[in-house]
Amino acid sequence: MNELQITSLNHKYFRTHLEDSLSLGRPLLIEDVEEELDPVLDNLLDRNFIKSGSILKVVVGDKECDIMPGFMLYITTKLPNPAYTPEVSAKTAIIDFTVTVHGLEDQLLGRVIRTEKSDLESERVALIEEVMENKRRMKELEDNLLFRLTSVQGSLVDDEDLIMVLQDTKSTAQDVSTKLHVASETERKINGAREEYRPVATRGSILYFLITDMAVVSCMYQTSLRQFLVLFDMSMIKSDRSNNPKVRIGNIIRFLTVTVWRNACRGFYERHKFLFTLLLAMKIDLQCGHISHEEFMKFIKGGASLDLKAVQPKPFRWVLDITWLNLVELSKLQQFNSLLDQITENEKDWRLWFEKDKPEEEELPCGYSRSLDMFRQLLLIRSWCPDRTLSQARRYIRSALGEQYADSVILDLESTWEESDNRTPLICFLSQGSDPSVQIETLAKAKEIELRCLSMGQGQESHARRLLSEAMAGGKWLLLQNCHLSLEFCQEMLDTVTESSNVHKCFRLWLTTEVHLSFPIGLLQISIKFTNEPPQGIRASLKRTYADVSQDLLDYSNAHQWPRLLYSTAFLHTVVLERRKYGALGWNVPYEFNQADFRRF
């Protein structure tokens, strides 16, 4: 079989690779194409061939190339749902190789068994090979017998060779049938043992598809299966060991969930981290059967699809129209089928509860606090008080996943660097006031590594190539800022870093970019992504501030006032950051902080 040639449309030798594959009769794989193909492929896709004797020729650009036997053209894309033109669809055979939920679950189960029960997986593979070999023997015997029967001359009973073949086929068939029966029983036992570890694979499949679904929220949230498998395998290596399979499985699942959650949230903007965490809690509860798909859709849509004139009229004027529609839709669930009547009969209780400052923390009327779990309470709060949904959602997350999931993930730039290698770029998604340049420079000084910086833009590509070559050879760090201004160079840079053989082990490539629809997906999928926004909330912001405080600063003075002074300064800084989102609103109202305010946080 001829060696497969791999290239991309942006590769500087793409035309040469195409011509060599045609003339040498080698298959060609073009990776990571977008929705538009290079016009140089038009004659190939249209099959505009020129026959010269027994040889076919095709015009590639301005050059005529021979098409030798063995040439095949394969094209792959990383786009999740590419919209190719009808012409391209008609010229090619489009095959969907996207992994499915159950398909990925089976793949992950195989990885778990190879790690946790390697002998079991080896036995399963050997069993499959044995079954295939026995079936092949049966097929050969049947084909041989049919050939003898069709080619026999004269009477069948007079052909001794045919009788011998019949006897051999019969005895072999009985032997193979016995082996297949034994193999079937063995396979059933092996599959039973493998199924014990399926919860790990199921959790992994849920996490992967939840991360890939976040690409709908922002085009920059691209994650490859290869990246996820690294985290999946690491979870089995680093999680706590146990001789009890159930305990071991629980340890893997907990470690895997926390690890993937932290790595994913590190690359999300603050406004999307909570969305991801809430979806994670609901997806896990959906898989476990704790909530139904109907309840999930009630939470997502509420009563938006209902018409106020087509439903039961609201009994009180103080109930908002959208609130009543939400309640009507919620009453379709079994747990809330008497909700509308209870509201009508207990107006005073419901109104007093509704008018509370924090109704989600108060006792629900009609005994719902005792009869409903945290998610069903969330449904009720979402219907009555949409503005208090986030607060109740945090309580639900704490109940479903644990306390740590309700807090923001604080960026630790040093640990992020430790996870990277010389061929894995680190990309920071920019937002207002979130430039990480100072932190990267500080880390480079602490590690005593030279850092070179360059702000990208028109005409900066040549300087970037020179700095990239020097940094790769000398083991330096390179920070390229505002890469969204040089998208074409980003693809070239990706090819350089991944394909170059001379890359120093200390080399690191740091990138900053704003959100851009045309940012190379391949670069996003191999990179470690992070954001540097201030955390939301006083507690999270204080944790972020103290994460940047060194131990030397904490021990700067032995005076007992020093820790309090440091905390007060950090608290004031946090309040200013939190107030920034409101502009000038509220600053004209004097407020004196007292000890009770500090104790609250």
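The structure we're discussing is the one just above.
Residues numbered from 1 in each chain as written. Predicted model: local features only at pLDDT ≥ 70, side-chain atom pairs only at ≥ 80, totals over all residues. Heavy atoms only, no water.

Participant: Please clarify how the packing of aromatic side chains should be interpreted in this entry.
Facilitator: When we look at a pair of aromatic rings, we describe it by the centre distance and by the angle of the planes. For the structure shown, the criterion picks out 24 aromatic pairs. Taking the centre distance of 5.5 Å and the plane angle of 15 degrees together, the rings of Trp350 and Trp384 count as stacked. Within this pair, whereas Trp350 is found in helix α14 (residues 347-354), its partner Trp384 is found in helix α16 (residues 374-384), the two being separated by 34 residues in sequence. The burial state of Trp350 is the same as that of Trp384; both residues are buried. The ring of Phe274 has Arg394 sitting right over it, with the charged end atom 4.7 Å from the ring centre. (Phe/Tyr/Trp six-rings, centres within 6.5 Å; stacked < 30°, edge-to-face > 60°. Helix = DSSP H or I, 4+ residues; strand = E, 2+ residues; numbered from the N terminus. Buried < 20%, exposed > 50% of the residue type's maximum accessible area, 1.4 Å probe, protein only. Lys NZ or Arg CZ within 6 Å of the ring centre and 35° of its normal.)

Participant: Explain the pattern of salt bridges here, please?
Facilitator: Side chains bearing opposite charge may pair, as long as their charged atoms lie close to each other. Applying the stated criterion across every chain, the model contains 32 salt bridges. Measuring nitrogen to oxygen at the nearest pair gives 2.8 Å for the salt bridge that ties Glu270 to Lys273. Placement of the pair is Glu270 and Lys273 together in helix α10 (residues 270-288), with a separation of 3 residues, close to one helical turn. By relative accessible area, Glu270 is classed as buried at 7%. Notably, a salt bridge pairs Lys298 with Glu294, separated by 3.6 Å at the nearest N-O pair. Separated by 4 residues within a single helix, Lys298 and Glu294 lie in helix α11 (residues 293-301), roughly one turn from each other. For Lys298, a relative accessible area of 11% puts it in the buried group. Sharing partners across several salt bridges, the network here consists of Glu105, Asp106, Glu195 and Arg198. (Salt bridge = Lys/Arg side-chain N within 4 Å of Asp/Glu carboxyl O.)

Participant: I tried to follow the sheet that holds strand β1 (residues 5-8) on my own but got confused; where do I start?
Facilitator: The strands that make up a sheet pair up through hydrogen bonds in the backbone, lying either parallel or antiparallel. Here we have 3 strands laid out as an open sheet, ordered β1-β2-β6, and parallel in their pairing. The strands lining the two open edges of the sheet, one partner per strand, are β1 and β6 (73-75). Each strand of the sheet is rotated relative to its neighbour by a mean of 25 degrees, with strand direction disregarded. With 3 bridges connecting them, strand β2 (residues 28-31) and β6 associate as parallel partners. When the bridges of β6 are listed, Leu28 appears paired with Leu73. Running over the sheet, helix α1 (residues 14-24) touches β1 and β2 and is turned about 150 degrees from β1. (Pairing = 2+ DSSP bridges. Axes fitted to C-alpha atoms, helices over the stretch in contact; angles between N-to-C directions. Contact = heavy atoms within 4.5 Å.)

Participant: Help me understand the sheet that holds strand β7 (residues 426-429), please; the structure alone is not making it clear to me.
Facilitator: A sheet is described by the order of its strands in space; here 5 strands give the open sequence β8-β9-β10-β7-β11, paired in parallel fashion. The two strands at the open ends of the sheet, each matched to only one other strand, are β8 (451-455) and β11 (528-531). Within the sheet, the average angular offset between the axes of one strand and its neighbour, ignoring direction, is 20 degrees. One ladder, built from 5 bridges, connects β8 with strand β9 (residues 477-481); its direction is parallel. Residue pairing across strands places Ser455 opposite Gln481, the latter belonging to β9.

Participant: Help me understand the nonpolar core in this model?
Facilitator: Buried together is how nonpolar side chains tend to be arranged in soluble globular proteins. Grouped together as the largest cluster of nonpolar side chains are 104 residues, with contacts concentrated most on Leu380, Trp384, Leu480 and Met493. At 9 residues, helix α9 (residues 245-266) tops the list of elements feeding residues into this core. Other than its neighbours up to four places away in sequence, Met493 contacts Leu468, Leu480, Leu509, Leu511 and Leu523. In this structure, Leu28, Leu41, Leu45 and Phe71 belong to the second largest nonpolar core, which totals 18 residues. (Core = buried A, V, L, I, M, F, W, Y, C linked by side-chain atoms within 4.5 Å.)

Participant: Whenever I open this one, a nonpolar patch on the surface confuses me. Can you help?
Facilitator: Together, Leu4, Ile6, Met72 and Tyr74 give the surface a local cluster of nonpolar side chains, amounting to about 360 Å² of exposed area. One can find Leu4 in the segment before β1. We classify Leu4 as partly exposed; its relative accessible area is 38%. (Patch = residues over 30% accessible without salt bridge, like charges linked within 9 Å, V, L, I, M, F, W, Y side chains within 5 Å. Areas by Shrake-Rupley, 256 points an atom, 1.4 Å probe, with all protein chains shown as cover.)

Participant: Where do I start with unusual backbone geometry in this structure?
Facilitator: Keep in mind that most residues, glycine aside, have a negative phi and that most peptide bonds are trans. Positive phi is not limited to glycine here, since Asp32 has a value of about 55 degrees. Mapping Asp32 onto the fold places it in the loop between β2 and α2 (42-46). Look at Asn482: it is not a glycine, yet its phi comes out positive at around 55 degrees. Note on placement: Asn482 falls in the loop between β9 and α21 (487-499). On the basis of relative accessible area, Asn482 is assigned to the partly exposed category, the value being 23%.

Participant: Looking at this model, I keep getting lost on the environment of Val112. Mind explaining?
Facilitator: On the secondary structure map, Val112 appears in helix α4 (residues 101-116). In the structure, Val112 is positioned 401 residues away from Thr513 in sequence and 37 Å away in space, judged by C-alpha atoms. Setting aside its immediate chain neighbours within four residues, Val112 contacts Lys117, Tyr197, Val200, Phe232 and Met236.

Participant: Before we go on, may I ask you to explain the packing of helix α8 (residues 225-238) against α9 in this structure?
Facilitator: If you want to describe how two helices pack, look at the angle between their axes and the distance between the axes. Where α8 meets α9, the axes come as close as 9 Å, and the angle between the chain directions of the two elements is 140 degrees. Taken together, the axis directions place α8 and α9 in an arrangement best described as oblique. Our pair here, α8 against α9, has a crossing hand that is right-handed. Across from Phe228, Leu231, Phe232, Met234, Ser235, Met236 and Lys238 in α8, the residues of α9 making contact are Arg248, Ile252, Phe255, Leu256, Thr259, Val260 and Asn263. A breakdown of the residues in the contact of α8 with α9 according to their chemical character gives 9 nonpolar, 3 polar and 2 charged. (Parallel < 35°, antiparallel > 145°, perpendicular 65-115°, else oblique. Left-handed = near helix turned anticlockwise from the far one by under 90°. Nonpolar A, V, L, I, M, F, W, Y, C, P; charged D, E, K, R; others polar.)

Participant: Where do I start with empty space enclosed by the protein in this structure?
Facilitator: Gaps left between atoms show up when a probe the size of a water molecule is rolled over them. Overall, the coordinates contain 2 cavities of 30 Å³ or more when judged by the stated rule. Computed from the structure, the largest cavity encloses a volume of approximately 50 Å³. Along its surface, the largest cavity is lined by Lys298, Phe299, Gly302, Gly303, Asn326, Glu329, Leu330, Leu379, Arg382 and Ser383. For the lining of the largest cavity, the secondary structure elements donating two or more residues are α11, α12 (321-330) and α16. By volume, the second largest cavity amounts to about 40 Å³. As for the second largest cavity, its lining consists of Glu270, Lys273, Val409, Ile410, Leu411, Thr531, Asn532, Glu533, Pro535 and Arg544. (1 Å grid on protein atoms, 1.4 Å probe; cavity = no way out; pocket = protein on both sides within 12 Å on 5 of 7 lines; lining within 4 Å. Points joined across faces, edges and corners; volume = space filled by probe spheres on them.)

Participant: Could you clarify how one ought to interpret helix α20 (residues 461-474) in this entry?
Facilitator: Structural remark: α-helix, 3.6 residues per turn; residues separated by three or four positions point the same way. For α20, built from 14 residues, the straight-helix expectation of 20 Å at 1.5 Å per residue is met to within 8% by its first-to-last C-alpha distance of 20 Å. Where α20 is concerned, the buried positions are Ala464, Leu467, Leu468, Ala471 and Met472. All buried residues of α20 project into a common sector of 130 degrees when viewed along the axis, lining one side. Buried residues belonging to α20 abut β8, β9, α21 and β10 (508-513). (Expected span 1.5 Å × (residues − 1). Arc of directions from axis to C-beta.)

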